[in-house]
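Chain by chain, the residues run as shown.
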Amino acid sequence: MRMPSLIWFLHFMNLTKGLDGTRRSSSVSRLCPAGCATCSAPNGCLSCKPRLFFHLEMDGMRQRGTCVSSCPRGHYGMRSPHISTCARCKDDCSSCFSENFCTHCHPGHFLFRGKCENSCPDGLTANTVLRECTECSVDCEMCVRSTVCVSCRADLYLLHGQCQLTCPAGFESDVQLMQCIPQVHTAASPTKCVLLRIQSGHI
C-alpha cells in the first residue's frame, strides 16, 4: 500500500531522534496532543494510539501530524498493521469511501457508480443539486429524483412531477408548455343554460 513519503520521514525521525539527545515523547506522553502515541514539538503527532488515523493538517505554512478517529472530508482511511493513515481523495471527488469510490463530487461533476463524471450517460439526468446522475422513469426526459419529473417525453403532459398521456378531470392540456394546468374554461350544462335564460327574462 503506497505511503506518503513525508509520513515515513516523520516516523524515521521518531525512531532516530534519541540519537541527538532529543527527549522521546513516549516517556512524556502527557505532553502530546490527544490520541498521539509519540510526538515532537515541531511536527506534532508522529504515531497514533490504536484504531486512530494519522493525518497531516496545515498549520500556517507547515504541516503537523494529528491523530483522528475518522478522516476529514476529502480524505479516506487506510488501515495497515503498522500505521493507519488518511489519504486524499481523487481531485474530482469532494468525499470518498476509498481511492476508487467517490461518494460526493465537486461542482461540475456528477456521481455515477462511484465515479465523478463530466456528464451523465444516456438515460440519466445530470442533477446539479445533488451532483449525481439520476435515473428517470421511462416517460420522463429530465428529473430531479427518480420519482419527480420536470420534463416529459414527446406527447406527454407534466402534472405534479409525473408524466400523463391525458390530463385528468379538472385539468386541461397546455400544448405549448406540455403541462396539465387547472381547468378555467368549463362547458355550461344545458340545465344551467336554461336557468340563466329564465333569470335573464328570455323565457
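What comes next is a walk through the structure. Small disclaimer: the values here were computed from a predicted structure and weren't measured. (Residues numbered from 1 in each chain as written. Predicted model: local features only at pLDDT ≥ 70, side-chain atom pairs only at ≥ 80, totals over all residues. Heavy atoms only, no water.)

### Overview of a nonpolar patch on the surface
Move 1: Residues Met142, Val144 and Val150 make up a contiguous nonpolar surface patch of roughly 230 Å² in combined accessible area.
Move 2: Note on placement: valine 150 falls in strand β14 (residues 148-152).
Move 3: Judged by its relative accessible area of 41%, valine 150 is partly exposed. (Patch = residues over 30% accessible without salt bridge, like charges linked within 9 Å, V, L, I, M, F, W, Y side chains within 5 Å. Areas by Shrake-Rupley, 256 points an atom, 1.4 Å probe, with all protein chains shown as cover. Salt bridge = Lys/Arg side-chain N within 4 Å of Asp/Glu carboxyl O. Helix = DSSP H or I, 4+ residues; strand = E, 2+ residues; numbered from the N terminus. Buried < 20%, exposed > 50% of the residue type's maximum accessible area, 1.4 Å probe, protein only.)

### Some remarks on the state of the cysteines
Move 1: As enumerated under the stated definition, the model contains 11 disulfides in all.
Move 2: Cysteine 32 shares a disulfide with cysteine 39; S-S distance 2.1 Å. Here the S-S torsion is close to -85°, and the disulfide linking cysteine 32 with cysteine 39 is therefore left-handed. The two residues cysteine 32 and cysteine 39 agree in class, both being buried.
Move 3: Put simply, cysteine 152 and cysteine 163 are joined by a disulfide, and their sulfur atoms are 2.1 Å apart. Judged by the sign of its S-S torsion, about -100°, the bond between cysteine 152 and cysteine 163 is left-handed. You can see cysteine 152 sitting in strand β14 and its partner cysteine 163 sitting in strand β16 (residues 162-164), a full 11 residues away along the chain. (Disulfide = S-S within 2.5 Å.)

### Quick word on the pattern of salt bridges
Move 1: For the coordinates displayed, the defined rule picks out one salt bridge.
Move 2: Between aspartate 59 and arginine 64 there is a salt bridge, with the nearest N and O atoms lying 3.8 Å from each other.
Move 3: For arginine 64, a relative accessible area of 24% gives the class partly exposed.

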